[in-house]
Amino acid sequence: MDFAPSSRAADLTERTRAFIRDVVEPVEGDYLRDLAEQRRTGDPWRPLPVVEELKAEARARGLWNLWLPKEHAGEYAARFGTDGGEGLTNVDYAPVAEATGGSHLAPLVMNCNAPDTGNMEVLLRYGTDEQRAQWLEPLLAGEIRSAFTMTEPDVASSDATNMEATAVVHGDEVVINGRKWWSTGVGHPECRIAVFMGLRDTPENLEDDPGIDRHHRHTMVLVPLDTPGVKVERLLPTMGMYDEPIGHGEVSFTDVRVPVSNILSGPGEAFAIAQGRLGPGRIHHCMRLIGLAEMALERACRRGLDRVAFGKPLANLGGNRERIADARIAIEQARLLVLNALQVIDFAMQIHGGGGMSDDHPLAGAWTAARALRLADGPDEVHQGVVARLELGKYGAKR
Ligand SMILES: Cc1cc2nc3c(=O)[nH]c(=O)nc-3n(C[C@H](O)[C@H](O)[C@H](O)COP(=O)(O)OP(=O)(O)OC[C@H]3O[C@@H](n4cnc5c(N)ncnc54)[C@H](O)[C@@H]3O)c2cc1C
């Protein structure tokens, strides 16, 4: 397969790198310090003004919504996307996403961050004209944020058929009940809409209806977060980090009522939508992880050359040169296989010594983010199960 970027992708990648180098990186250190200060003073969820300034600059440079997929972007690419008026293929978006991955702020300020991109893609692919006008357009404009509420605390949610929350049609309304957690995005004050997944009827009624198979029992529905009965119960730390200003929350839904026109695609269609959403989202995460690994290796090399112990630069001590070589090889493999990025970050933390574990360097945060991705869009094991199924399927294995 030819992974050479098109001339448009090469140009956008170069412009993205220049934007991050010249505009984002110079303010990123202050941004993280200010965020830590807000945390100390008990106001961690207030978005810092610099984010809006960076968003405006990204948009002015045509580096906005670059995730928009060529096959689904339609009219939105011209209205909300890059110059050129059409979306990118995944192969062309890959180097752009990699360039953003090493920066804490770049995906957010370029309107390319999860879970909003996945939710926007759901609206692009499955939304009605009204749903798109109401929710997709402000999301594309970066005016609001969104959440995807699928995982539940009380059931093993890597098997989505376990989900117990309900979204039942009563007349011209959908009545929603249940508890979700790890709902990324709900900490942000501009988070306005949740994509909710729940059983289309009570579990008892569904048991009595053998006509509805396990993969057509759930419905996806758009729930504005200010609807009565929606409550963000708490925000969850990911290994001690709250990931402000996006955050991951536990959310309860108690007799929440929204119009049936908020259903996506139709009752029972949630599984098909979730699969359509996960594919590109997972690939975007992986591309950004490679960028994170590049950032970590660059820092490890600079630190290894600048700092001296036992009369030598750290890079020349012990097996560090071999480790640097191994890290480069791992990244090159990862660029093709999207593997091993965590080991590179781990090594970069190690060569920073005690500082690598602190917030003085972005490596501990990078490690936590990379580790969380082994669960965030479903556990690794489930994705491996799909790969094995596809492989065995070639030789006639049934599901
Ligand atoms: C930072 C972060 C952000 C997240 N954001 C969101 C979000 O925005 N929206 C949302 O809905 N969810 C989100 N999640 C939740 C995530 O999708 C779930 O944690 C994940 O799907 C696993 O579900 P579970 O936690 O219920 O684990 P369980 O289903 O209980 O699984 C536990 C473990 O069992 C093992 N296991 C499961 N299935 C298999 C299998 N087939 N083969 C082998 N082993 C298996 C795996 O080791 C797995 O980790 C997020 C999670 C994190 C950490």
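Structural data are supplied above this passage.
A brief report on the enclosed structure follows. As the structure is a computational prediction, the values presented were derived from the model and not from experiment.

Each regular strand displays side chains that alternate between the two surfaces of the sheet. Among the 5 residues that make up strand β1 (residues 145–149), 5 are buried, leaving the element largely enclosed by the rest of the structure. Residues of β1 alternate between two faces, with Arg-145, Ala-147 and Thr-149 on one and Ser-146 and Phe-148 on the opposite face, all of them buried.

To continue, consider the site of the ligand. Neighbouring the ligand are 17 residues; Phe-148, Thr-151, Ser-158, Trp-182 and Glu-381 lie closest to it. In this structure, Thr-151 approaches the ligand through a side-chain N or O atom, which is 2.7 Å from a nitrogen atom. In this structure, Ser-158 approaches the ligand through a side-chain N or O atom, which is 2.5 Å from an oxygen atom. Coverage of the ligand by the protein amounts to 67% of the 980 Å² it exposes when considered alone. Put simply, the parts of the chain that give the shell around the ligand at least two residues each are β3 (173–184), α14 (363–376) and α15 (380–393). Top element by residues in the shell around the ligand is α14. It accounts for 3 residues. In terms of residue class, the shell around the ligand is made up of 10 nonpolar, 6 polar and 1 charged.

Let us now look at the layout of surface pockets. By volume, the second largest pocket is sized at about 180 Å³. Take the lining of the second largest pocket: its biggest share by element is 4 residues, from helix α2 (residues 49–60). The residue inventory of the lining of the second largest pocket, partitioned by class, reads 7 nonpolar, 2 polar and 5 charged.

Cut-offs used in this document
- Residues numbered from 1 in each chain as written.
- Predicted model: local features only at pLDDT ≥ 70, side-chain atom pairs only at ≥ 80, totals over all residues.
- Heavy atoms only, no water.
- Buried < 20%, exposed > 50% of the residue type's maximum accessible area, 1.4 Å probe, protein only.
- Helix = DSSP H or I, 4+ residues; strand = E, 2+ residues; numbered from the N terminus.
- Near = heavy atom within 4 Å.
- Polar contact = N/O pair within 3.5 Å; in protein donor to acceptor, adjacent residues only side chain to side chain.
- Areas by Shrake-Rupley, 256 points an atom, 1.4 Å probe, with all protein chains shown as cover.
- Nonpolar A, V, L, I, M, F, W, Y, C, P; charged D, E, K, R; others polar.
- 1 Å grid on protein atoms, 1.4 Å probe; cavity = no way out; pocket = protein on both sides within 12 Å on 5 of 7 lines; lining within 4 Å.
- Points joined across faces, edges and corners; volume = space filled by probe spheres on them.

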